[in-house]
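# A structural walkthrough
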Amino acid sequence: MLEEFKKFALRGNVVDLAVGVIIGAAFGAIVASLVADVIMPIVGAVTPGGLDFSNYFIALSENVTATAYADAKKQGAVLGYGQFLTVMLNFLVVAFVLFLVIRAMVKLQRQEEAKPPETPADVKLLTEIRDLLAKR
């Protein structure tokens, strides 16, 4: 049974999937930082009043008096729609980047398919010899 598991775990597809998951997690962290640290501050600076989506929430309890989302969560039930908007923006950025990557891959595949296969050197040499013999 251990030998079967070893064959399964070391098969190419499983290793490729593991690499993809690890790279995907790292890419997710990069996108989260891009949205939180670059895009959202720019949106806040451009909009009147300096919007900060991370602190947008609706208090569901009368005990909530805080103005910051993190503090409000400690006081009681809150509906953090600002965090949802941020996560939604993360998703849209990831989806758009994946769209661009897949589009580029499809374009490269089409170019490779359109290219005729290169003739091997020995076949070229034999063709030249045949042509020289035909001229005689």
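The rules we used
Residues numbered from 1 in each chain as written. Predicted model: local features only at pLDDT ≥ 70, side-chain atom pairs only at ≥ 80, totals over all residues. Heavy atoms only, no water. Helix = DSSP H or I, 4+ residues; strand = E, 2+ residues; numbered from the N terminus. Rg over C-alpha atoms; globule rule 2.2 N^0.38 Å. Buried < 20%, exposed > 50% of the residue type's maximum accessible area, 1.4 Å probe, protein only. Areas by Shrake-Rupley, 256 points an atom, 1.4 Å probe, with all protein chains shown as cover. Patch = residues over 30% accessible without salt bridge, like charges linked within 9 Å, V, L, I, M, F, W, Y side chains within 5 Å. Salt bridge = Lys/Arg side-chain N within 4 Å of Asp/Glu carboxyl O. Core = buried A, V, L, I, M, F, W, Y, C linked by side-chain atoms within 4.5 Å. Contact = heavy atoms within 4.5 Å. Expected span 1.5 Å × (residues − 1). pLDDT = per-residue confidence, 0-100.

Attention shifts here to the overall build of the protein. When its secondary structure is counted, the protein shows five helices and two strands. When its helices and strands are written in sequence order, the protein yields α-α-β-α-β-α-α. A globule of 136 residues ought to have a C-alpha radius of gyration of about 14 Å, yet the protein, at 29 Å, is considerably larger. Dimensions along the principal axes, computed over C-alpha positions, put the protein at roughly 100 × 55 × 20 Å. For the protein, the proportion of its 136 residues judged to be buried stands at 12%. When the accessible surface of the protein is totalled, it reaches about 11200 Å², and 67% of it is carbon and sulfur.

This part covers a nonpolar patch on the surface. A contiguous nonpolar patch, built from Ile58, Leu60, Leu79, Tyr81, Phe84, Leu85, Met88, Phe91 and Leu92 and spanning about 890 Å² of accessible area, is present on the exposed surface. The greatest single-element share of the nonpolar patch, amounting to six residues, is contributed by helix H4 (residues 81-114). With respect to the element layout, Leu85 can be found in helix H4.

Looking now at the nonpolar core. If you look at the biggest cluster of nonpolar residues, it comprises six residues: Phe57, Val64, Ala66, Tyr69, Ala72 and Val78. What Val64 contacts, discounting residues up to four positions off in sequence, is Phe57, Ala59, Ala72, Gln75, Gly76, Ala77 and Val78. Val35, Met40, Phe53 and Val93 belong to the second largest nonpolar core, which has five residues in total.

Applying the stated criterion to the full structure yields one salt bridge. With its nearest N and O atoms 3.2 Å apart, the salt bridge here joins Asp131 to Arg130.

Moving on, we come to H4. A rise of 1.5 Å per residue sets the reference length of H4, with its 34 residues, at 50 Å; its end C-alpha atoms lie 49 Å apart and thus fit the reference within 8%. Of the residues making up H4, those classed as buried are Gly82, Thr86, Asn90 and Val93.

Considering the arrangement of structural elements, one finds Ala59 in strand E1 (residues 58-59). The spatial distance from the C-alpha of Ala59 to the C-alpha of Val35 is 25 Å, given a sequence separation of 24 residues.

On to the confidence of the model for the protein. On average, the protein scores 82 in pLDDT, and the residues at 70 or more come to 96%. Summarising per-element confidence for the protein, the mean pLDDT is lowest in helix H1 (residues 2-9) (78) and highest in strand E2 (residues 78-79) (90).

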